[in-house]
Amino acid sequence: NRIAQLIWFSDGNFKSTIGFFLRILTAYLVIKNCTDFLSTFLRLLVFLSVASIFFYAFFLLFPSIENTLFVNKHFWDNPATSEFKKSLIIYNIFREPLFGIESLGLFGLPRNSGPFWEPGAFGGYLTIGLAFEMILFRKFSLRVVVFLIALATTFSTTGYVAAAGFFLLYFLFLETDKKKKLLIFPVLLVGSFFLITDVEFLASKIRSEEHTSELQSQ
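Read on for an overview of the structure. None of these values were measured; they are calculated from a predicted model.

The rules we used
Residues numbered from 1 in each chain as written. Predicted model: local features only at pLDDT ≥ 70, side-chain atom pairs only at ≥ 80, totals over all residues. Heavy atoms only, no water. Helix = DSSP H or I, 4+ residues; strand = E, 2+ residues; numbered from the N terminus. Buried < 20%, exposed > 50% of the residue type's maximum accessible area, 1.4 Å probe, protein only. Contact = heavy atoms within 4.5 Å. Axes fitted to C-alpha atoms, helices over the stretch in contact; angles between N-to-C directions. Parallel < 35°, antiparallel > 145°, perpendicular 65-115°, else oblique. Left-handed = near helix turned anticlockwise from the far one by under 90°. Expected span 1.5 Å × (residues − 1). Salt bridge = Lys/Arg side-chain N within 4 Å of Asp/Glu carboxyl O. Lys, Arg positive; Asp, Glu negative; His and termini not counted. Polar contact = N/O pair within 3.5 Å; in protein donor to acceptor, adjacent residues only side chain to side chain. Phe/Tyr/Trp six-rings, centres within 6.5 Å; stacked < 30°, edge-to-face > 60°. Lys NZ or Arg CZ within 6 Å of the ring centre and 35° of its normal.

### Side note on the overall build of the protein
(1) Moving on: Each helix and strand in the protein was counted, giving 9 helices and 2 strands.
(2) Moving on: Traced from its N-terminal end to its C-terminal end, the protein shows the element sequence α-α-α-α-β-β-α-α-α-α-α.
(3) Moving on: Scored against the burial criterion, the 218 residues of the protein give a buried share of 32%.
(4) Moving on: Taking the intrachain contacts of the protein between residues at least 6 apart in sequence as the baseline, contacts between residues at least 24 apart amount to 56%.

Dropping the structure here:
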């Protein structure tokens, strides 16, 4: 996609293009030189998930500390984003700069972005982690529980829908216990439908994104 943008639309600059290819090269070298990439990836994601849950709960309990972090600038802050992002290296405090309170999750709770640039990205990686864990080990492990708790705190519409879709496909095609499949699959199907259509913050976000897509296509 990035290459197509550069060739056909001349979209981008030298710095961003070099950065893009460096990220690709770094990912290639990591996968090539890591003896057990998936296991390492899952262990690292568990650590980051536990850290995110801790920091998320901590700043919920002590919001004044979060405010102090935003007031006091540090040398590692990005001037362009320091008003709504505060990096703690393994955790990124994210405040939606455009939509304010409308971007918050259920009950007006803030969203957990983990170490990533925004909560939706964290939700995407957590969904990938869930998929790898369930496909590789075929059990509802403690790591799955940690991923689900962290995913719940992202309040990411895409993350929720992707995770629900994965579990539906998992119990439909990969689950070998017929009794478990007959019990869990219908519950997941009904629960996913309710989650997407009746939970207010999700339903409203989906409608808003559909409306934005329609406007962009016109």
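Now that the structure has been shown, the text picks up again.
### Thoughts on the packing of helix H3 (residues 37–61) against helix H6 (residues 142–154)
(1) Moving on: The interhelical angle for the contact between H3 and H6, taken along N-to-C directions, is 45°, at an axis separation of 9 Å. Classified by the angle their axes make, H3 and H6 are oblique. Crossing angle aside, the handedness with which H3 passes H6 is left-handed. Residues Leu 42, Arg 43, Leu 45, Val 46, Ser 49, Val 50, Ser 52, Ile 53 and Tyr 56 of H3 form the contact with H6, whose participating residues are Arg 143, Val 146, Phe 147, Ile 149, Ala 150 and Thr 153.

### Here's the deal with H6
(1) Moving on: Taking 1.5 Å of rise per residue, the 13 residues of H6 would be expected to cover 18 Å, and the 19 Å separating its terminal C-alpha atoms lies within 8% of that figure.
(2) Moving on: Three or more residues of H6 are buried, namely Val 144, Val 146, Phe 147, Ala 150, Leu 151, Thr 153 and Thr 154.
(3) Moving on: Structurally, H6 contributes buried residues whose contacts are with H3, helix H5 (119–137) and helix H7 (157–174).
(4) Moving on: Looking at the residues trailing H6, positive phi occurs at Phe 155, about 50°.

### Quick word on the pattern of salt bridges
Pairing is possible between side chains of opposite charge, provided their charged atoms come close.
(1) Moving on: All chains considered together, the criterion is met by 2 salt bridges.
(2) Moving on: Between Glu 66 and Arg 95 there is a salt bridge whose closest N-O contact spans 3.3 Å. One end of the pair, Glu 66, is in helix H4 (residues 63–71); the other, Arg 95, is in the loop between strand S2 (92–94) and H5, and 29 residues separate them in sequence.
(3) Moving on: Of the residues examined, Arg 95 reaches a relative accessible area of 29% and is grouped as partly exposed.
(4) Moving on: Taking the shortest distance from any N to any O, the salt bridge between Arg 143 and Glu 133 comes out at 3.0 Å. With Arg 143 in helix H6 and Glu 133 in helix H5, this residue pair connects regions lying 10 residues apart in the sequence.
(5) Moving on: The partly exposed category is assigned to Arg 143, whose relative accessible area is 22%.

### What to know about the side chain of Arg 111
(1) Moving on: On the secondary structure map, Arg 111 appears in the loop between S2 and H5.
(2) Moving on: No salt bridge forms around the buried Arg 111; measuring N to O, its nearest opposite-charge neighbour Glu 118 is 4.8 Å away.
(3) Moving on: Polar contacts involving the side chain of Arg 111 include one to the main-chain carbonyl oxygen of Phe 155, which spans 3.4 Å.

### Considering the packing of aromatic side chains
(1) Moving on: Scanning the model with the defined rule gives 15 aromatic pairs in all.
(2) Moving on: Where Phe 58 meets Phe 62, the ring centres are 5.1 Å apart and the plane angle is 50°; that geometry is what we call tilted.
(3) Moving on: Look at Phe 58 and you get partly exposed, because its relative accessible area is 27%.
(4) Moving on: Ring plane angle 25° and centroid distance 5.7 Å describe the contact between Phe 116 and Phe 122, whose orientation is recorded as stacked.
(5) Moving on: Look at Phe 116 and you get buried, because its relative accessible area is 14%.
(6) Moving on: Through pairs of rings, three or more aromatic residues link up here, namely Phe 54, Phe 55, Phe 58, Phe 59, Phe 62 and Tyr 91.
(7) Moving on: Stacked on the ring of Phe 70, the Lys or Arg Arg 95 has its end atom at 3.9 Å from the ring centre.

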